[in-house]
Protein chains: 2
Amino acid sequence: MSEKIGILAIGHGSRLPYNKEVVTEIADTIAKKHPEYIIKTGFMENCGPSVEEGLASFEGTGVTKIAAVPVFLASGVHITEDIPEILKLDPETNEGKFAVDGKEVPVVYGKPLGHHELLADLVFDRASEVL
Amino acid sequence: MSEKIGILAIGHGSRLPYNKEVVTEIADTIAKKHPEYIIKTGFMENCGPSVEEGLASFEGTGVTKIAAVPVFLASGVHITEDIPEILKLDPETNEGKFAVDGKEVPVVYGKPLGHHELLADLVFDRASEVL
């Protein structure tokens, strides 16, 4: 059986719609560019789907492995503590298991965005727009 | 007198060092690429300099205008309410004034990063790293 990869894009969530919009647009863009992957979203706070609901939404997709990736600029307490707890990751390996379609599939955990020159260019553009 | 522009890169802040590291790296990269601008940082929570301290650090630089830009992925309550309050922005114009070197200089307010195809590429890379 060939591998079928799922990516769970985890957003912070917000009472306002913008965080969900940006994370969903990022997920949609990944899905368009990489149609062989199954992309889902989940949010930590204030909006749905929750991370648990995001994971559960892989049901029926036939994924054999899931990469959970925090769509956060930088690491922080959500990344180091809260998300690993929700995903029930082994603290030694940073990996977990989740039951999809009656089978346990491995869940691996990616890093947040981190620094990138393009982020600096984007921030500079955002300044230039109002100067 | 010619314009001298300051950019205040505003980060969320965190108890862990990563948010400050990423926002500072972004500010350093902008400063390197645009040496004619004065770039400072300020943080909302849990680490310094605060936004007020970041603004105050333009003292002595001779800036004639400041663009305050939230280094956040998406808009949210910090962006729409908390930062405008700290910057004392006029709710009509989204602009303010801040005293630097004994003169009132205008403060304008930029948007957060928002969706960008490169962000989707970065998230996909973060997934690929652990798959």
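Residues numbered from 1 in each chain as written. Chains lettered and ligands numbered in written order. Predicted model: local features only at pLDDT ≥ 70, side-chain atom pairs only at ≥ 80, totals over all residues. Heavy atoms only, no water.

K.L.:
How should the UniProt feature "binding site: Co(2+)" (unreviewed entry) in chain A be read in this particular structure?
P.N.:
Residue and element names in this part refer to chain A. Residues given the UniProt feature "binding site: Co(2+)" (unreviewed entry) here are H12 and H78. Of the residues just listed, which span 67 residues, no C-alpha pair is farther apart than 8.3 Å, and they cluster in one region. When you line up the elements, H12 lands in the loop between β1 (5–11) and α1 (18–33). Accessibility expressed as a relative area gives 27% for H12, which makes it partly exposed. (UniProt positions renumbered as here; feature names shortened; annotations may be inferred. Helix = DSSP H or I, 4+ residues; strand = E, 2+ residues; numbered from the N terminus. Buried < 20%, exposed > 50% of the residue type's maximum accessible area, 1.4 Å probe, protein only.)

K.L.:
Would you explain helix α3 (residues 77–86) of chain A in this entry?
P.N.:
All names here are of chain A. When we look at burial in α3, the residues that qualify are V77, H78, I79, I83 and P84. Contact partners of the buried residues in α3: β1, β3 (65–70) and β5 (103–109). Immediately downstream of α3, the backbone of K88 shows phi near 55°, a positive value. (Contact = heavy atoms within 4.5 Å.)

K.L.:
For this particular structure, what's the right way to read the pairing of strand β5 (residues 103–109) of chain B?
P.N.:
Along a regular strand, successive side chains alternate from one face of the sheet to the other. Residue and element names in this part refer to chain B. Judged from the three bridges that link them, strand β3 (residues 65–70) and β5 form a sheet pairing that is parallel. In the strand pairing of β5, A67 is matched with V108. Inspection of the sheet shows strand β4 (residues 96–100) paired to β5 by five bridges, in the antiparallel sense. Opposite F98, over in β5, you have V105 as the bridge partner. The hairpin formed by β4 and β5 contains two residues between the paired strands, and D101 there has a positive phi angle of roughly 55°. (Pairing = 2+ DSSP bridges.)

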